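# Survey of secondary and tertiary structure
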Amino acid sequence: MDKVHLYDKILSPMVTEKSTNLSEQNKIVFKVPRAANKINLKKNIEKIFKVNVTKINIVNKQNRTVVKRGKKVNVQGYKKAIITLKKGQSIDLTTGI
């Protein structure tokens, strides 16, 4: 499989305070396309980063409407994957994808 197709299932890493705290538990958070599933994500992450994935949790964030400056604005939802790695392994997100 071509490297370009492997990166199709990973949009970007999510670097937030909560995801940084999860990294202490060998967990990494990625934003993924809505069509992504656990089986393909596991294969792709293991091939790209050369780590062993033990568990994947997927969270769907729904579209929502918020009020900004008195106007209703639609906020696009997304899908994120919380990847648990084998103990002792890690992914360095500062090098880039």
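This one's a predicted model, so the numbers in the text were calculated from it and none came from an experiment. (Residues numbered from 1 in each chain as written. Predicted model: local features only at pLDDT ≥ 70, side-chain atom pairs only at ≥ 80, totals over all residues. Heavy atoms only, no water.)

## Structural notes on the nonpolar core
Formed by 16 residues in total, the largest nonpolar core has its most connected members in Phe30, Ile45, Ile83 and Leu85. Where this core is concerned, the elements lending two or more residues are strand S2 (27–32), helix H3 (38–49), strand S3 (53–61) and strand S6 (78–85). With sequence-adjacent residues up to four places away left out, Ile83 is seen in contact with Asn26, Lys27, Ile28, Phe30, Ile45, Val53, Lys55 and Ile56. (Core = buried A, V, L, I, M, F, W, Y, C linked by side-chain atoms within 4.5 Å. Buried < 20%, exposed > 50% of the residue type's maximum accessible area, 1.4 Å probe, protein only. Helix = DSSP H or I, 4+ residues; strand = E, 2+ residues; numbered from the N terminus. Contact = heavy atoms within 4.5 Å.)

## Digging into the confidence of the model for the protein chain
A low pLDDT score tells you not to read the predicted coordinates there in detail. On average, residues of the protein chain score 89 in pLDDT, and 93% of them reach the 70 mark or higher. Here helix H1 (residues 3–6) stands out as the element of the protein chain with the lowest mean pLDDT, 64, in contrast to strand S5 (residues 71–75), whose mean of 96 is the highest. (pLDDT = per-residue confidence, 0-100.)

## What about the pairing of S5?
Side-chain direction in a regular strand flips from residue to residue, so the side chains alternate between the two faces of the sheet. Taken across its five residues, S5 has zero buried, putting it largely on the surface. In the sheet, strand S4 (residues 64–68) pairs with S5 via five bridges, with the strands oriented antiparallel. Counted as the bridge partner of Arg64 is Val75 from S5. Hairpin remark: S4 followed by S5, antiparallel, with two residues in the connecting loop; positive phi at Arg69, about 55°. (Pairing = 2+ DSSP bridges.)

## Thoughts on the environment of Gly77
Here Gly77 lies in the loop between S5 and S6. In this structure the C-alpha to C-alpha distance between Gly77 and Ile91, which are 14 residues apart in sequence, comes to 26 Å.

## Re the sheet that holds S3
Here four strands make up an open sheet; going across it, the order is S1-S2-S6-S3 and the pairing antiparallel. Both outer strands of the open sheet, strand S1 (12–13) and S3, are each paired with one neighbouring strand and no more. As defined by bridge partners, S1 adjoins S2 across two bridges and the pair is classed as antiparallel. Residue pairing in the sheet places Pro13 in a bridge with Phe30 of S2. Along the sheet face, H3 touches S2, S3 and S6 and points at about 125° away from the line of S3. (Axes fitted to C-alpha atoms, helices over the stretch in contact; angles between N-to-C directions.)

## What about unusual backbone geometry?
Its identity is not glycine, yet Asn26 carries a phi of approximately 60°, on the positive side. If you trace the backbone, Asn26 turns up in the loop between helix H2 (17–22) and S2.

## Concerning the layout of surface pockets
By rolling a water-sized probe across the atoms, one finds the places where empty space is left. Its boundaries defined by the atoms lining it, the largest pocket holds a volume of some 180 Å³. Together, Met14, Thr16, Lys18, Ser19, Leu22, Val29, Val59, Tyr78, Lys80 and Ile82 line the largest pocket. Counted by class, the lining of the largest pocket contains six nonpolar, two polar and two charged residues. (1 Å grid on protein atoms, 1.4 Å probe; cavity = no way out; pocket = protein on both sides within 12 Å on 5 of 7 lines; lining within 4 Å. Points joined across faces, edges and corners; volume = space filled by probe spheres on them. Nonpolar A, V, L, I, M, F, W, Y, C, P; charged D, E, K, R; others polar.)

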